[in-house]
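Report on the structure
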2 protein chains.
Amino acid sequence: MGLNDEVGRRLRELRQQQRLSLSELARRSGVGKGTLSELEGGRRNPTLDTLYALTTALDSPLSAVLSDHPRHAFEAGGEGVSGDAVTAVLIERFEEPPAVTDVFRIRIAAGSVQESAAHIADTSESLMVLTGTAVVGDPAQPQTAGPGEYAHWRADTPHLYSAPTGDVHGILFVRYPRAGAHRA
Amino acid sequence: MGLNDEVGRRLRELRQQQRLSLSELARRSGVGKGTLSELEGGRRNPTLDTLYALTTALDSPLSAVLSDHPRHAFEAGGEGVSGDAVTAVLIERFEEPPAVTDVFRIRIAAGSVQESAAHIADTSESLMVLTGTAVVGDPAQPQTAGPGEYAHWRADTPHLYSAPTGDVHGILFVRYPRAGAHRA
DNA sequence: AGGTGGCGTTCTGTTTACGGAACGTTCTGT
DNA sequence: ACAGAACGTTCCGTAAACAGAACGCCACCT
């Protein structure tokens, strides 16, 4: 049930869908046909270059051959249940001398509450809600933001994310100083 | 030109986002730290197993590290609201029954002023400034927003975008009622 | 100060993914 | 029947990806 079995299987499927022989794909991609044979059989652990050469020759994106695991846990580790209450994917990162801003596409699962530990000093977060109603920020004085609304809070203290009434989608901004100090 | 440079760069970004040291990530993923160091430097051609071990330890999907979607989608993304002074690329669109929200990556050229005509009724816009200082909104009472700050204005009247002191980068939200009949 | 422990890089020996050659098989055509 | 050619698999020498050790650096101890 290896990852390489999976990738090999997909590779073979893709090739056969295009009515290409193993030899022909090897020729077009520049990959040795022995390599390709063992790869499709899941008996090899391909390098990125090899995968890229093959998917390109198959006119497919790399993702066509990788088991797409579209889950990303936000703020994993730390305390508490880092479950699937909040998922976030980085879509942009801005760096300028004094600070860095990360822009995430975020989803808060319906009915869930997640508390996040403090980040480094002078970190702040902002949320633009796209759909749903979010309750976020300081646990003592949380803010509520609905579709099209905006919230801003300090993130150098513990803070929470929750979606009491239904799934929330939004864009989250995390802004923190550029200095590289570590906290305990 | 390397695919491996790109992957290495993303890997490092992801790791730093999570405030993990190289050594710590190596420990958690079971990947040798020498390997990880050279990988982040683009001096290696990682195998699938290695990539998977790393992205799993980073709680990210494999695709987060493959130049496939995340950032190239922006460059490829076509639809823009472009004038002389303002360039914008759509990065996300949310549709829910009452309204649609478009999320743009926006740049306002230094020293420029652009006025936009009124959009349809009940349209509003919000801007999160990432770098620079923007002056935006109602021409009679424009708002100023610096890095990390936020502005919101009605867009069903003429409104302006300007960057008096230097290039401005940000994320622009345009929210408008859903086209067509009002359905409950 | 010396010591301790973290960091990221470079070095080293082992393992293995690679391209290509050699192989057995099957399917043409003459 | 026998080429001839294509197929996919297995073999082989080489290049390189790997884990881990050794290194130099810096911060914080006692």
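Structural notes, computed from the coordinates. (Residues numbered from 1 in each chain as written. Chains lettered and ligands numbered in written order. Predicted model: local features only at pLDDT ≥ 70, side-chain atom pairs only at ≥ 80, totals over all residues. Heavy atoms only, no water.)

Here we look at the packing of aromatic side chains
Considering all chains together, one arrives at 4 aromatic pairs over all chains under this definition. Both rings, one in Tyr150(A) and one in Tyr150(B), keep their centres 3.3 Å apart while their planes meet at 10°; by these two values the pair is stacked. Pair noted here: Tyr150(A) is in strand E7 (residues 150-154) and Tyr150(B) is in strand E7 (residues 150-154), and the two residues belong to different chains. Judged by relative accessible area, Tyr150(A) falls into the partly exposed class, the value being 22%. Between the aromatic rings of Trp153(B) and Tyr161(B), the centroid separation amounts to 6.1 Å while the plane-to-plane angle is 80°, which identifies the pairing as edge-to-face. (Phe/Tyr/Trp six-rings, centres within 6.5 Å; stacked < 30°, edge-to-face > 60°. Helix = DSSP H or I, 4+ residues; strand = E, 2+ residues; numbered from the N terminus. Buried < 20%, exposed > 50% of the residue type's maximum accessible area, 1.4 Å probe, protein only.)

Observations concerning helix H4 (residues 48-57) of chain B
Within the span of H4(B), buried status applies to Leu48(B), Thr50(B), Leu51(B), Leu54(B) and Thr55(B). The buried residues of H4(B) all sit within an arc of 160° when viewed along its axis, so they share a single face. Turning to H4(B), the residues buried within the fold contact helix H1 (3-17) and helix H4 (48-57) of chain A together with helix H1 (3-17), helix H2 (22-29) and helix H3 (33-40) of chain B. In the segment just after H4(B), Asp59(B) is the residue with positive phi, at about 60°. (Arc of directions from axis to C-beta. Contact = heavy atoms within 4.5 Å.)

Concerning the protein's contact with DNA strand D
In the vicinity of DNA strand D there are 22 residues, among which Ser21(A), Leu22(A), Ser37(A), Arg44(B) and Thr50(B) approach most closely. Considering DNA strand D, the proportion of its atoms within 4 Å of the protein that are sugar or phosphate atoms stands at 70%. At 2.8 Å, a backbone N or O of Gly32(B) approaches a phosphate oxygen of DNA strand D. Of all elements in the fold, only H1, helix H2 (22-29) and helix H3 (33-40) of chain A together with H3 of chain B reach the threshold of two or more residues within the surface near DNA strand D. Residues of the surface near DNA strand D, tallied by class, amount to 4 nonpolar, 11 polar and 7 charged. (Near = heavy atom within 4 Å. Polar contact = N/O pair within 3.5 Å; in protein donor to acceptor, adjacent residues only side chain to side chain. Nonpolar A, V, L, I, M, F, W, Y, C, P; charged D, E, K, R; others polar.)

Quick notes on the protein's contact with DNA strand C
If you check the shell around DNA strand C, you find 21 residues, and the closest are Arg44(A), Thr50(A), Ser21(B), Leu22(B) and Ser37(B). Near-protein atoms of DNA strand C (within 4 Å) split between backbone and bases, with sugar and phosphate holding 70%. Between Thr50(A) and DNA strand C, the recorded distance is 2.4 Å, taken from a side-chain N or O atom to a phosphate oxygen. At 3.3 Å from a base oxygen of DNA strand C is found a side-chain nitrogen or oxygen belonging to Lys33(B). Looking at the surface near DNA strand C, the elements with two or more residues in it are H3 of chain A together with H1, H2 and H3 of chain B. Taken together, the residues of the surface near DNA strand C sort by class into 4 nonpolar, 11 polar and 6 charged.

Some remarks on the pairing of strand E9 (residues 168-177) of chain B
All names here are of chain B. With 10 of its 10 residues buried, E9 lies for the most part within the structure. Burial of E9 is two-sided: the residues Val-168, Gly-170, Leu-172, Val-174 and Tyr-176 facing one way and the residues His-169, Ile-171, Phe-173, Arg-175 and Pro-177 facing the other way are all buried. By the bridge criterion, 10 bridges tie strand E2 (residues 99-108) to E9 in an arrangement that is antiparallel. Each residue of the ladder has a partner; that of Arg-105, found in E9, is Ile-171. The pairing of strand E4 (residues 124-131) with E9 spans 7 bridges and is antiparallel. Opposite Val-129, over in E9, you have Gly-170 as the bridge partner. (Pairing = 2+ DSSP bridges.)

Let's talk about the sheet that holds strand E6 (residues 143-145) of chain A
For sheets, the rule is that strands pair by backbone hydrogen bonds, running either parallel or antiparallel. Residues and elements named next belong to chain A. On the basis of which strands lie adjacent, the open sheet formed by 4 strands has the order E3-E8-E5-E6 and antiparallel pairing. Each edge of the open sheet is held by one strand with a lone partner, namely strand E3 (113-116) and E6. Strand-to-strand twist in this sheet, taken as the mean axis angle between neighbours without regard to direction, amounts to 25°. The sheet contact formed by strand E5 (residues 134-137) and strand E8 (residues 159-162) spans 3 bridges and is antiparallel. Within E8, the residue paired with Val-135 across the bridge is Ser-162. (Axes fitted to C-alpha atoms, helices over the stretch in contact; angles between N-to-C directions.)

Here we look at the pairing of E3(A)
All names here are of chain A. Across the two faces of E3 the burial differs, with Gln-114 and Ser-116 buried and Val-113 and Glu-115 not buried at all. The pairing of E3 with E8 spans 4 bridges and is antiparallel. Pairing of Glu-115 across the sheet is with Leu-160, part of E8.

Side note on the side chain of Thr101(B)
The residue Thr101(B) is located in strand E2 in this model. Separated by 2.8 Å, the side chains of Thr101(B) and Arg175(B) make a polar contact.

Considering the sheet that holds strand E8 (residues 159-162) of chain B
Residue and element names in this part refer to chain B. One open sheet holds the 4 strands; their spatial order is E3-E8-E5-E6, and the pairing between them is antiparallel. A single partner strand is all that each edge strand has here, and the edge strands are strand E3 (113-116) and strand E6 (143-145). Here the strands of the sheet are splayed against their neighbours by 25° on average, with no regard to which way each runs. With 3 bridges joining them, strand E5 (residues 134-137) and E6 adopt antiparallel strand pairing. Among the inter-strand pairings, Val-136 is bridged to a residue of E6, identified as Gln-143.

Description of the nonpolar core
Across soluble globular proteins, you tend to see nonpolar side chains buried next to one another. Ranked by internal contacts, the top residues of the largest apolar core, which has 36 residues, are Leu66(A) and Leu66(B). Within the residue set of this core, elements represented by two or more residues are H1, H2, H3 and H4 of chain A together with H1, H2, H3 and H4 of chain B. If we skip the residues at most four places from it in the chain, Leu66(B) touches Leu48(A), Leu62(A), Leu66(A), Val7(B) and Leu51(B). Residues Val86(A), Val100(A), Phe104(A) and Leu172(A) belong to the second largest nonpolar core, which totals 21 residues. (Core = buried A, V, L, I, M, F, W, Y, C linked by side-chain atoms within 4.5 Å.)

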